[in-house]
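# A structural walkthrough
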Amino acid sequence: MNRALVAFVAVLGACSDDAMTPPDGGDTIDARPDALGCDRPALQAPWLATFLNRWISMLAATPRSTTTQRMAAREYLTSELQGMGWTTQRGAFAGGENVYTTIPATMTPAEPEIIVGAHFDTVANSPGANDNASGTAVVLALAYYLTETPCRKAPVTLALFDLEETGLFGSRAFAMTRDPSAVRAVHTIDQVAWDSDGDGRFEIESPTDTLFTEWSAAAQIVGVSVTRTTTQGTDHEAFRDRGFAAVGLTEEYVGGDTSPYRHLPTDTADTVNETYLGLAAKLTTQVVLDELAP
C-alpha cells in the first residue's frame, strides 16, 4: 500500500461505524402511505445535508485519477453502500472497475430495471468535488433514501462508473452488461454542485420525451426548474449509443452557470453549493420514487 492510499484510507477511517445513522435520531420517512399503504421517504430528510457534505469531503480529499487513488475510492464507496445494507458488486473492464448494487424489486412480477449512475474518477491533480463527487454523492443519497422505500415495483441498480474522464469506459462497459429492452430508464448525474445565480435550475441532457416529462413533474414537486438540452459527452451517452432510454442531470452547463473549476486543482469541497446539491439529490430521488411507485 503506497503513501497515497494510506492517506486516503486514514481519512476514511475518521468515519465511525455508525456513520449511517441519521443525525439527531431523525426519522427519514414521511408517514405518507400511497394507495397500497406503502410509506415513501420524505425528501426533506434530516440526514441529507450532513451525509452529502461528508461524502463530498471524503471523496474530494484527494484526486481519483491514478490506479491507486481509484482503488481507494472504490473501497470507500463499497463500504458506504454496504453500510446501508446493500450488497455490492464489482464490474472489471480493461483498466478499471465499476462499483454497483442492484436493489431488488419487492413486488412481483417486477417491472423493467431502473439504472442510476455517476462517475467517481477525476482527471489528474483535481480533487473533483463538483466533477464528479457531486454526482456520486447524489447516487449515494438515493441509495439511502431507498433503504426507507419498502415498496418497489422494479429493481434499481445504482452504478458508480470508473474512467469516465478518459472516454466513458466504465459506463460503456456497464452498458454492455444490460439489455436495453429490459431497462426502463437510465439516469446519470454529472456536476450538480454549482449554482452561482441561485435560481435552482438544472439541465436535463438529451432526454426522451417521456423522461423529460418525468423530470419536469419531479421538478415541480421539489420546487426547482429544468431545461432540456442536447448535451452529450458524459455517461448517459454510453447508454444511448446502445439503444437505452438514457438521460443526464447536470447544472447549467449550456446555460453558462457552471463551475469554472472543472478539471482544475481548485475543484474543491469548499466550492460546492450545498443547497443546490441537496436539490439535485431530492430531484433525482423524486424521479426514481415516481418510477417505483405501484
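Look above for the structure.
None of the values given here were measured: they were computed from a predicted structure.

Reading guide: rules and limits
Residues numbered from 1 in each chain as written. Predicted model: local features only at pLDDT ≥ 70, side-chain atom pairs only at ≥ 80, totals over all residues. Heavy atoms only, no water. Disulfide = S-S within 2.5 Å. Helix = DSSP H or I, 4+ residues; strand = E, 2+ residues; numbered from the N terminus. Pairing = 2+ DSSP bridges. Axes fitted to C-alpha atoms, helices over the stretch in contact; angles between N-to-C directions. Contact = heavy atoms within 4.5 Å. Salt bridge = Lys/Arg side-chain N within 4 Å of Asp/Glu carboxyl O.

### Some details on the state of the cysteines
Applying the stated rule across the entire model yields 1 disulfide. Each sulfur in the disulfide pair Cys38 and Cys151 lies 1.8 Å from the other. On the sign convention where negative means left-handed, the S-S torsion of about -70 degrees between Cys38 and Cys151 marks this disulfide as left-handed. One end of the pair, Cys38, is in the loop between strand 1 (29-30) and strand 2 (40-41); the other, Cys151, is in the loop between helix 4 (129-146) and strand 6 (156-161), with 113 residues separating them in the sequence.

### Let's talk about the sheet that holds strand 9 (residues 225-229)
Strands sit in the order 3-4-6-5-7-10-8-9 across an open sheet of 8 strands; the sheet is mixed. Of all strands in the sheet, those bounded by a partner on one side alone are strand 3 (89-93) and strand 9. The mean inter-strand angle of the sheet, taken between neighbouring strand axes irrespective of direction, is 25 degrees. By the bridge criterion, 5 bridges tie strand 8 (residues 201-205) to strand 9 in an arrangement that is parallel. Within strand 9, the position partnered with Glu205 by the bridge is Thr229. Packed on one face of the sheet, helix 6 (residues 209-222) meets strand 7 (183-189), strand 8, strand 9 and strand 10 (246-250) and runs near 165 degrees to strand 9.

### A closer look at the pattern of salt bridges
Enumeration over the complete set of coordinates arrives at 16 salt bridges. Among the salt bridges present, the one from Arg172 reaches Glu237, with a minimum N-O distance of 3.9 Å. Here Glu237 lies in helix 7 (residues 235-240) and Arg172 lies in helix 5 (residues 169-175), a separation of 65 residues in the sequence. Asp241 is paired through a salt bridge with Arg172; the nearest N and O atoms lie 3.1 Å apart. Taken together, the residues span a long stretch of sequence, with Asp241 in the loop between helix 7 and strand 10 and Arg172 in helix 5 at a distance of 69 residues.

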